[in-house]
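Read off the chains here:
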Amino acid sequence: MYYASIGMLSLIIHIIINFAALKKRKRDETKVSRVRYRHFLYAVMLYYVADILWGFFYGERLLVLTYVDTVIFFISMVISVLLWTRFVVAFIENQGRFGKFLLSGGWILVTFEIIVLIINFFQPVVFGFGENNEYEPGITRFVTLALQMVLFLTTSFYTLIIARKVHGEQRAHHRTIGFSGIVMSFFILIQAMYPLMPFYSIGCLLATCIIHSFIYKDEMLESYIAAERAKRMAYRDALTGVRSKLAYLDELKDLEVRINDGTLTKYGVVVFDLNGLKTVNDTLGHDEGDEYIRSACRLICRNYDHSPVFRIGGDEFVAILEAGDFENRETLLQDFKRSVEENKRDGRVVVACGMAIYDPKIDTSYNDVFRRADKSMYECKVQLKAVG
């Protein structure tokens with residue numbers, strides 16, 4: 001029971017520590033080393049389960065079940081070593097001769113183990129049961145463990161050599177991988193000396209904990225920072241620099257939540273649409289058309305400088321008014337219309353606008369407010385065109 005309890009504890013800690021790494025996530029699939037590491041973690045879990053069952057079966061002297069489980073135990077062990085090697089090769093991004101050499105070593109180990117386990121059915125070369133049904137390790141068990149040590153140490157020392165050629169966090173990560181392999185090799189050595197003690201499980205647990213603490217958390221942070229950076233870029237309109245349509249859609253979700261929970265009771269919506277953009281594009285070209293859009297955006301932002309402004313279409317903008325801009329909404333709207341009239345007289349950018357205010361008595365959603373503002377904007381657009 002003592003033997004099985006170490007395996008159970010290792011499995012539980014393994015799952016807790018590596019819970020995020022064990023989950024298949026879409027963004028992880030683009031990084032081969034992370035996928036390979038997840039495969040290794042699952043192989044280690046299989047090993048833990050086999051180790052736990054071995055403790056139960058052997059403790060109860062259920063020899064047939066113990067024999068079957070011991071075969072699974074050895075297979076899961078060498079598969080985990082193979083997957084570790086695949087992970088290290090992917091991590092150091094070595095697809096050359098040495099990388100292939102390491103992978104070949106992993107496959108040789110697996111093939112060797114399968115062959116000797118088949119032979120073991122006829123002759124106990126890996127393990128057997130002697131007098132009083134006591135477990136007896138065979139000579140090839142020691143060969144298997146020795147080959148694993150060689151593979152772990154080779155990958156570790158190679159990774160440490162690579163670490164000397166890189167810098168910063170990358171160097172620390174390479175050193176961590178190398179140290180983890182050395183830790184595993186040490187516990188394999190002890191396991192060879194004490195076959196009835198669960199030192200291999202302890203080694204696997206320590207190695208994965210070290211990797212999680214010094215590499216995986218860093219990579220998770222890097223992924224989060226990269227995702228946030230990409231999100232910020234997606235939230236900015238490339239042409240004008242104001243918030244994009246994606247940011248607008250997220251803002252609407254937040255707006256509805258705040259309305260529903262009562263934290264937002266007052267807001268206004270101003271819809272803008274450029275007049276004459278098609279004429280500018282057709283007569284002066286799209287570069288001038290882009291500048292026309294930027295000029296319109298500057299005009300909007302200058303007037304509504306305390307409100308979020310979104311570009312939601314080619315020539316459409318929206319400002320959502322809260323707090324001070326909401327209280328001064330009529331003044332701001334009249335100021336904006338005066339600026340547009342001046343621009344029209346001077347032959348500069350002309351922008352139609354329309355505003356609507358949220359009314360809880362008649363509005364069931366943001367779209368109700370937006371539709372009224374949009375209708376008001378089209379009325380303004382018609383007036384601007386009619387004046388000539």
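Residues numbered from 1 in each chain as written. Predicted model: local features only at pLDDT ≥ 70, side-chain atom pairs only at ≥ 80, totals over all residues. Heavy atoms only, no water.

Chemist: Summarise the overall build of the protein chain; cite the residues concerned and give the values.
Modeler: Secondary structure assignment for the protein chain yields 14 helices and six strands. Against the globule reference of 21 Å for 388 residues, the protein chain gives a C-alpha radius of gyration of 34 Å, more extended than a compact globule. On the principal axes, the C-alpha backbone points of the protein chain span a range of 105 × 50 × 30 Å. Counting every position in the protein chain, which comprises 388 residues, the buried fraction comes to 48%. Carbon and sulfur atoms provide 61% of the accessible area of the protein chain, an area that totals close to 20,200 Å². Looking at the protein chain, you have 45 positive and 43 negative side-chain charges, and the mean spots of the two groups are 4 Å apart. (Helix = DSSP H or I, 4+ residues; strand = E, 2+ residues; numbered from the N terminus. Rg over C-alpha atoms; globule rule 2.2 N^0.38 Å. Buried < 20%, exposed > 50% of the residue type's maximum accessible area, 1.4 Å probe, protein only. Areas by Shrake-Rupley, 256 points an atom, 1.4 Å probe, with all protein chains shown as cover. Lys, Arg positive; Asp, Glu negative; His and termini not counted. Charge placed at Lys NZ, Arg CZ, Asp CG, Glu CD.)

Chemist: Lay out the packing of aromatic side chains with the relevant residues and their values.
Modeler: Working definition: an aromatic ring pair is given by the centre-to-centre distance plus the angle between the planes. Under the counting rule described, the total for this entry stands at 31 aromatic pairs. Centre to centre, the rings of Phe127 and Phe129 are 6.2 Å apart; their planes meet at 80 degrees, and the pair counts as edge-to-face. The class of Phe129 is partly exposed, set by a relative accessible area of 24%. Three or more aromatic residues joined by ring pairs form one cluster here, namely Tyr47, Tyr48, Trp54, Tyr58, Tyr67, Phe73, Phe74, Phe121, Phe127, Phe129, Tyr135 and Tyr200. Positioned above the aromatic ring of Tyr58, the side-chain terminus of Arg61 is 4.3 Å from the ring centre. The side chain of Arg329 reaches across the aromatic face of Phe326, ending 4.3 Å from its centre. (Phe/Tyr/Trp six-rings, centres within 6.5 Å; stacked < 30°, edge-to-face > 60°. Lys NZ or Arg CZ within 6 Å of the ring centre and 35° of its normal.)

Chemist: Summarise the packing of helix α1 (residues 2-17) against helix α3 (residues 32-59); cite the residues concerned and give the values.
Modeler: Across the interface, α1 lies against α3 with an axial gap of 7 Å and an inter-helix angle of 155 degrees. The orientation of α1 relative to α3 falls into the category roughly antiparallel. Every pair of crossing elements has a handedness; the one defined by α1 and α3 is left-handed. In this structure, α1 contributes Tyr3, Ala4, Gly7, Met8, Ser10, Leu11, His14 and Ile15 to the contact, and α3 contributes Leu41, Val44, Met45, Tyr48, Val49, Asp51, Ile52, Trp54, Gly55 and Phe56. Residues that form the contact of α1 with α3 fall into these classes: 13 nonpolar, four polar and one charged. (Axes fitted to C-alpha atoms, helices over the stretch in contact; angles between N-to-C directions. Parallel < 35°, antiparallel > 145°, perpendicular 65-115°, else oblique. Left-handed = near helix turned anticlockwise from the far one by under 90°. Contact = heavy atoms within 4.5 Å. Nonpolar A, V, L, I, M, F, W, Y, C, P; charged D, E, K, R; others polar.)

Chemist: Any details on unusual backbone geometry? Residues and values, ideally.
Modeler: Not every positive phi belongs to a glycine, and Arg61 is a case in point at roughly 55 degrees. In this structure, Arg61 sits in the loop between α3 and α4 (63-91). The backbone of Asn132 sits at a positive phi, close to 60 degrees, despite the residue not being glycine. Since its relative accessible area comes to 66%, Asn132 is described here as exposed.

Chemist: Help me get a handle on a nonpolar patch on the surface, residues and values and all.
Modeler: A grouping of Leu46, Val64, Val68 and Ile72 is seen on the molecular surface, where their side chains present a nonpolar patch of about 350 Å² in accessible area. A per-element tally of the nonpolar patch places α4 first, with three residues. (Patch = residues over 30% accessible without salt bridge, like charges linked within 9 Å, V, L, I, M, F, W, Y side chains within 5 Å. Salt bridge = Lys/Arg side-chain N within 4 Å of Asp/Glu carboxyl O.)

Chemist: Break down the sheet that holds strand β6 (residues 350-357) for me, citing the residues and quoting the values.
Modeler: In spatial order, the strands read β4-β5-β3-β6; together these four strands make up an open sheet with antiparallel pairing. The sheet terminates laterally at β4 (309-311) and β6, the two strands that pair on one side only. Within this sheet the neighbouring strands show an average axis-to-axis angle of 20 degrees, counted without direction. Bridging between β4 and strand β5 (residues 316-321) involves three bridges; their strand directions are antiparallel. When the sheet's bridge partners are listed, Val309 is paired in β5 with Ala319. The sheet strands contacting helix α13 (residues 329-346) are β3 (268-275), β5 and β6, and the helix crosses β6 at an angle near 165 degrees. (Pairing = 2+ DSSP bridges.)

Chemist: Before we move on, can you summarise the pattern of salt bridges with the specific residues and values?
Modeler: Using the criterion set out here, one finds 11 salt bridges in the structure. Asp250 is paired through a salt bridge with Lys253; the nearest N and O atoms lie 3.9 Å apart. Here Asp250 pairs with Lys253, and both are found in helix α9 (residues 245-260), just three residues apart, close to one helical turn. Its relative accessible area of 28% is what places Asp250 among the partly exposed residues. Notably, a salt bridge pairs Lys381 with Asp273, separated by 2.4 Å at the nearest N-O pair. Of this pair, Lys381 sits in helix α14 (residues 366-387) while Asp273 sits in strand β3; the two residues are 108 residues apart in sequence, bridging distant segments of the chain.

Chemist: I'd like a rundown of the nonpolar core, residues and numbers included.
Modeler: Note that soluble globular proteins tend to have their nonpolar side chains buried in a common cluster. By size, the foremost hydrophobic cluster in this structure holds 55 residues, and its most contacted members are Trp84, Phe87, Phe127 and Tyr200. Every element with two or more residues in this core is listed here: α1, α2 (19-22), α3, α4, α5 (97-120), α6 (139-163), α7 (168-193) and α8 (199-234). At 13 residues, the largest contribution of residues to this core is made by α4. Discounting residues that sit within four places of it in the chain, Phe87 has contacts with Ser33, Arg36, Tyr37, Ile177 and Ile211. Ranked by size, the runner-up nonpolar core spans 50 residues in total, among them Val271, Ile312, Leu333 and Val349. (Core = buried A, V, L, I, M, F, W, Y, C linked by side-chain atoms within 4.5 Å.)

Chemist: Account for the side chain of Asn303, naming residues and giving values.
Modeler: With respect to the element layout, Asn303 can be found in helix α11 (residues 286-303). Accessibility expressed as a relative area gives 14% for Asn303, which makes it buried. Not counting residues within four places of it along the chain, the set of residues in contact with Asn303 comprises Leu332, Asp335 and Phe336.

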